[in-house]
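# What the coordinates show
Residues per chain, in single letters:
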Amino acid sequence: MANWGSIVKVADILASKGSAVITIKPSETIATLSMLLREKRIGAAIVSSDGQTIEGVISERDLAYGLAIHKADLHTLPISALMTKAVITCSLNDNIAHVASTMQSRNIRHLPVEEEKRCVGMVSIRDVLQLRLYELQQETAQLRTFVNEMGRTPEDRE
């Protein structure tokens, strides 16, 4: 279990799921963000004035915390008022085990993928869990095959 995800890179995940990045300008309102998250069925967006440079990240969690503080005024606030500005990122060459460890230790569910100061994708905890589930299913199949082979007589194994 210690080596899970160590071979799979962030680039592999993005190649599989796609690298489309949903961005929103810091001047847009929380109401606009809420509609965007609902429409795209996502939990976070990259905050970017130019659609490439990461200025921040804003997530469902930010909205929930903002609602507790700003109540009915939340929908009128600009994204910049709630976004996380100190963004933790990963790179295309990072392994997924490292990404999972970062998510767990920092209590975050989305990591923007940054290359040469540009956002090239987003990895979510769902992506990490889907990979881990796939790996566990593969290991289970291999173990079942091994157990079945061990139950046969030596003549049957050839």
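What this report covers is the structure whose coordinates are included nearby.

## Focus on the overall build of the chain
A tally of regular secondary structure across the chain gives five helices and five strands. In sequence order, the chain lays out its α and β elements as α-β-α-β-β-α-α-β-β-α. Taken over the C-alpha trace, the chain has a radius of gyration of 20 Å; the compact-globule value for 158 residues is 15 Å, which it surpasses by more than 25%. With respect to the three principal axes, the spread of C-alpha positions in the chain is 75 × 35 × 25 Å.

## So, unusual backbone geometry
The phi torsion of most residues other than glycine is negative, and most of the peptide bonds are trans. Positive phi is not limited to glycine here, since Arg41 has a value of about 55°. Within the element layout of this structure, Arg41 appears in the loop between α2 (30-40) and β2 (44-47). The class of Arg41 is exposed, set by a relative accessible area of 77%. At Lys71, a residue that is not glycine, the phi angle is positive and equals roughly 50°. Along the chain, the position of Lys71 falls in the loop between α3 (60-70) and α4 (96-106).

## Quick look at the pattern of salt bridges
Opposite charge on two side chains allows them to pair when their charged atoms are near. In total, this model carries four salt bridges according to the counting rule given. For the salt bridge of Asp127 with Lys17, the shortest nitrogen-to-oxygen distance reads 2.9 Å. A residue pair is termed long-range when its members are at least 10 positions apart, and Asp127 in helix α5 (residues 125-150) and Lys17 in helix α1 (residues 10-17) qualify at 110 residues. Residue classification places Lys17 among the partly exposed residues on the basis of a relative accessible area of 42%. Put simply, Lys40 and Glu39 hold a salt bridge, and the shortest N to O gap is 3.9 Å. Connected through shared salt-bridge partners, Arg132, Glu135 and Glu139 make up one network.

## A closer look at the sheet that holds strand β3 (residues 56-59)
Pairing in this open sheet of three strands is mixed, and the strands run β1-β2-β3 from one edge to the other. Strand pairing shows two members of the sheet lacking a second neighbour, β1 (23-24) and β3, which therefore form its edges. In terms of strand pairing, β2 meets β3 through four bridges, oriented antiparallel. Following the sheet pairing, Ile46 is matched in β3 by Val57.

Scoring rules and cut-offs
- Residues numbered from 1 in each chain as written.
- Predicted model: local features only at pLDDT ≥ 70, side-chain atom pairs only at ≥ 80, totals over all residues.
- Heavy atoms only, no water.
- Helix = DSSP H or I, 4+ residues; strand = E, 2+ residues; numbered from the N terminus.
- Rg over C-alpha atoms; globule rule 2.2 N^0.38 Å.
- Buried < 20%, exposed > 50% of the residue type's maximum accessible area, 1.4 Å probe, protein only.
- Salt bridge = Lys/Arg side-chain N within 4 Å of Asp/Glu carboxyl O.
- Pairing = 2+ DSSP bridges.

These figures capture arrangement, not role.
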